[in-house]
Every structure is written in C-alpha cells, then in structure tokens.
Amino acid sequence: MPPEIVVHEFAAMGGTVEIQLVGGALPDAMRLQALFAAHERTMSRFLPDSELSALNRSAPRPFQASPLLFDVVSESVGWACITEGVFDPTVIDVLEAVGYDRPFDLLAPSRAAVLERPKTCTGRWRAIALDYDHEIIDLPAGVRIDLGGIGKGYSVDRAIAALGPGANAIVNASGDLYAAGDGPEGEGWYVGVQDPFDTTGDVAILNVNDRAVATSGSIKRHWTAGDARYHHLIDPRTGGSSAGDLATVTVVAPTATQADVLAKTAFLLGAPDGLRFVERFVGAAAIAITAQGDVLTSRGMAEYLA
Amino acid sequence: MTLGKNAAAKIAALVASAAALVGTWALVHQNPPPPAAADAPAPTQTVTGQNGTAASPSRARQRVSLTAPRPRTRTRAS
C-alpha cells in the first residue's frame, strides 16, 4: 500500500507554494505556510511595512536587523561576491525604472514608457557593510536591496530545515523547490522541467533526492513599454533587462538558495558561459533552453535525468 | 514387427507426436525470436543528444521519453 502523501498549496511570495509530505500531517504543512508568510512579511519590497522596506528607508543610517533579515541579506551579498556581481541584490532602481515597481500581478502588460535608468548600477553591493556580531546592516545613501532573486530559494531551504532530518517531502515555491528524501516510492522524486514554449509539457524529467531545483527565465515576468520588451532579470553589466540568448535555465544544486542564484546567474551569463559557471559548484548541474528551443546540458546533468 | 494388442493406441500416439512437431515448426517460423540485444533499438533518451560539457555543450531538440515516470512536481520560471 503506497504511503499517504499530504499535499497542501497556498499563495505566497507572488506565486503558489506547494508542499508534499510523505507520511506527514497537515499541521506540518500549515507550519510551513506560516513560515512562508513570515518570510514574505520580512523580505517583500512591495509591502511598505516589511522589514526590508524599513531597511531600505534607513540608508545611510545603520539598521538593526532581525536574525532572519540579516541572514538572507548577508547570503545575498555573499552570492554577489561569488558571482562577481552578476547576481546583484542592489539593482532595484533599474527594476523600478524599467517598470517593475509593484507586484507583478498588478503590472499592466504594456506601458507607455519607462523612467530614465540610473546612470550607475554596477557593484553597489560592495559598499554594503555587515556587522555579523550585532546583525547590523549599513546601506550607503541611495542603495536599496531587493531579495526577489533569492527569497524563494532561501525560504524553501528554511522550510525543509523546519521539517527536521529524515524528511521525505517536496517544498516547491513557484518552481524553486527542494526534494528531500527518497520520494513516495523510494526511488527519488521525479521533477518535470517545464517547456518554456509549451507550458503544458516538459523538456526533461529529473530524478533527485536531497537536492534543490530552480529555474530562471524571462518567459513569464515580462512586459512592454513603448516598442521595447522588458523582463525582471536585470543584467548589472548593462543596466537593463538581459538580452541574452536563453529562454530558461534550470539548475540542480545542494540547496535551493544556491539553485536559485545559480539559475539567475547562468541565465544572465548565457550559453555556454552560464553552464561553465554552474559546473564550478560541487553537486550542481544545469539545463539551458535557448531562444531557438535547443536544449543544452552542463557536465553532471546526466546524473539527474530520469 | 509386431504391433501387439494396443496397435491402434500406438499409431494414434505416433500421429499425435508428428502433428505436434509440425505445429511447433509452424509456430517458430511464424513468430521468430526477438533480435539479439545489440540489434534492438536503443531506448528513448530523456533529452536527446549527449551529455555536454561547458566547452562544447550538446545541442539537441527537446524531447522527453514516453517511458519517463510521471513527475510529482515541476520546476518553471516564475
């Protein structure tokens, strides 16, 4: 008799979070829902009373952060360093200038024009000071932080940690997920990689256990202003929406935070540099789908293909 | 040669054996055995093409094996 699976879905962080617990109980899933709600109240740049909004208003004064906000901001800055600024949590001015100034659901698909873009957006994360002993964040004047590129992955990791060791579960936040344990049949979790050109189908099926999977792409969150097309993946090197050659990048990695960041970084770097970058990380592998529909895989991905 | 008392039964058994042999021959020739493993078609790959390297990533059109297990969940760009 197959084990019982509790499936629970709820809205959070601008999308849908899906929890699957093998042999679990609904109260466990409800506990994770509360965790996501708390993280959203802390990390959202769209909620004026979120802790992140308070931090962004605080510059240039030091800000006493909660342990949660300090941890995710320091992770963000750390990944900016590792990716040499390709992943940059301070491009919020550009995001707003190109039109992403409210939750995506509320964005008009077409706008008359965009604001003038900031003249400088590269490398401002380097000026953020972090006091690890006292959890104080010091933003320079004019610098704000957006956690949209890391928040879902980070929250997925915290949710899995909250389930405790030995969990057999999936936590999937709008496509950024962690598959813990061996799955309901004991042979790993099967995860579809959505076809960006036919969202009813998959381009690959992955078989993973104790691994995270995340996908980045410009297929969903995009809009037009005037004659130009924009999307939410900002390339700090150009100061605008990435004009790369990829439709999506899916990354398998040991943590959802890492998968989330590497997928965005690989997307911005394009092929083949993005795949080459992912290969630097132990246990990480990527599938990239080009704008022409070709499927490219990094070294190591064969291990995860079903 | 003496057929003895059960001649009719022995003749019937011989005829039945011959008929069984003919039937077996017909079955074998109408349903040849499957080809050797080396001759069999390769199973469908989950993603076509070879596993690429970063230096020269494989280029392949999308395709998912029809025999791939049904996924429990999906990853997608959000």
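Residues numbered from 1 in each chain as written. Chains lettered and ligands numbered in written order. Predicted model: local features only at pLDDT ≥ 70, side-chain atom pairs only at ≥ 80, totals over all residues.

(A) How the structure looks around the overall build of chain A. Check the secondary structure of chain A and you find seven helices and 18 strands. Against the 2.2 N^0.38 benchmark of 19 Å for 306 residues, chain A shows a C-alpha radius of gyration of 19 Å, consistent with a compact globule. When the backbone C-alpha atoms are referred to their principal axes, chain A occupies close to 60 × 45 × 35 Å. Counting across all 306 residues of chain A, residues that qualify as buried make up 51%. (Helix = DSSP H or I, 4+ residues; strand = E, 2+ residues; numbered from the N terminus. Rg over C-alpha atoms; globule rule 2.2 N^0.38 Å. Buried ≥ 20, exposed ≤ 12 C-beta atoms within 10 Å, placed from the backbone.)

(B) Molecular detail of the confidence of the model for chain B. Residues and elements named next belong to chain B. Taken as a whole, chain B shows an average pLDDT of 55; of its residues, 15% reach a score of 70 or greater. Per-element confidence in chain B is highest for strand E2 (residues 73-75), whose mean pLDDT is 96, and lowest for strand E1 (residues 60-61), whose mean pLDDT is 44. Below a pLDDT of 50 lies the segment residues 27-62, which in the model reaches 59 contacts outside its immediate sequence neighbourhood of four places, other chains included. At the level of chain-chain contacts, confidence expressed as ipTM amounts to 0.85, with global pTM at 0.80. (pLDDT = per-residue confidence, 0-100. Contact = placed C-beta atoms within 7 Å.)

(C) Geometry of the sheet that holds strand E10 (residues 198-208) of chain A. In space, the three strands of this open sheet follow the order E10(A)-E9(A)-E2(B), with mixed pairing throughout. One side of each edge strand has no neighbouring strand; the edge strands of this open sheet are E10 of chain A together with E2 of chain B. This sheet shows a mean twist of 40° between the axes of neighbouring strands, independent of strand direction. Note that strand E9 (residues 189-195) of chain A and E2(B) share three bridges and pair parallel. (Pairing = 2+ DSSP bridges. Axes fitted to C-alpha atoms, helices over the stretch in contact; angles between N-to-C directions.)

(D) Representation of the domain arrangement of chain A. Residues and elements named next belong to chain A. What the domain assignment reports for chain A is domain 1 (5-41 + 150-304) and domain 2 (48-138). For domain 1 versus domain 2, the separation of C-alpha centres amounts to 21 Å. The partner domain 2 presents 28 residues to the 24 residues of domain 1 that form the contact. Listing elements by their share of the side of domain 1 that touches domain 2, those giving two or more residues are helix H5 (151-163), strand E12 (222-225), strand E15 (240-241) and helix H6 (256-269). In terms of residue class, the side of domain 1 that touches domain 2 is built from ten nonpolar, ten polar and four charged. (Domains from an automatic or database assignment. Nonpolar A, V, L, I, M, F, W, Y, C, P; charged D, E, K, R; others polar.)

(E) Main features of the interface of chain B and chain A. The interface is formed by 24 residues belonging to chain B together with 47 residues belonging to chain A. Looking at the side of chain B that touches chain A, the elements with two or more residues in it are E1 and E2 of chain B. Broken down by element, the residue count for the side of chain B that touches chain A peaks at three residues, all from E2(B).

(F) Spotlight on the pairing of strand E2 (residues 15-22) of chain A. Residue and element names in this part refer to chain A. Counting buried residues in E2 gives six out of eight residues, a clear majority hidden from the surface. Alignment of strand E1 (residues 5-12) against E2, held across eight bridges, turns out to be antiparallel. Across the sheet, the residue bridging to Val7 is Gln20, located in E2. Between the end of E1 and the start of E2, which pair antiparallel, lie two residues, with Met13 showing a positive phi angle near 55°. One ladder, built from five bridges, connects E2 with strand E7 (residues 169-173); its direction is antiparallel. Paired with Ile19 across the bridge in E7 is Val171.

(G) Up close: the sheet that holds strand E6 (residues 136-138) of chain A. Residue and element names in this part refer to chain A. With antiparallel pairing, three strands are arranged side by side in an open sheet as E3-E6-E5. Each of the sheet's edge strands pairs with one partner strand only, and the pair in question is strand E3 (62-64) and strand E5 (129-131). Pairwise comparison of adjacent strand axes, ignoring direction, gives a mean angle of 20° for this sheet. Note: E5 against E6, three bridges, orientation antiparallel. In the strand pairing of E6, Asp131 is matched with Ile136.

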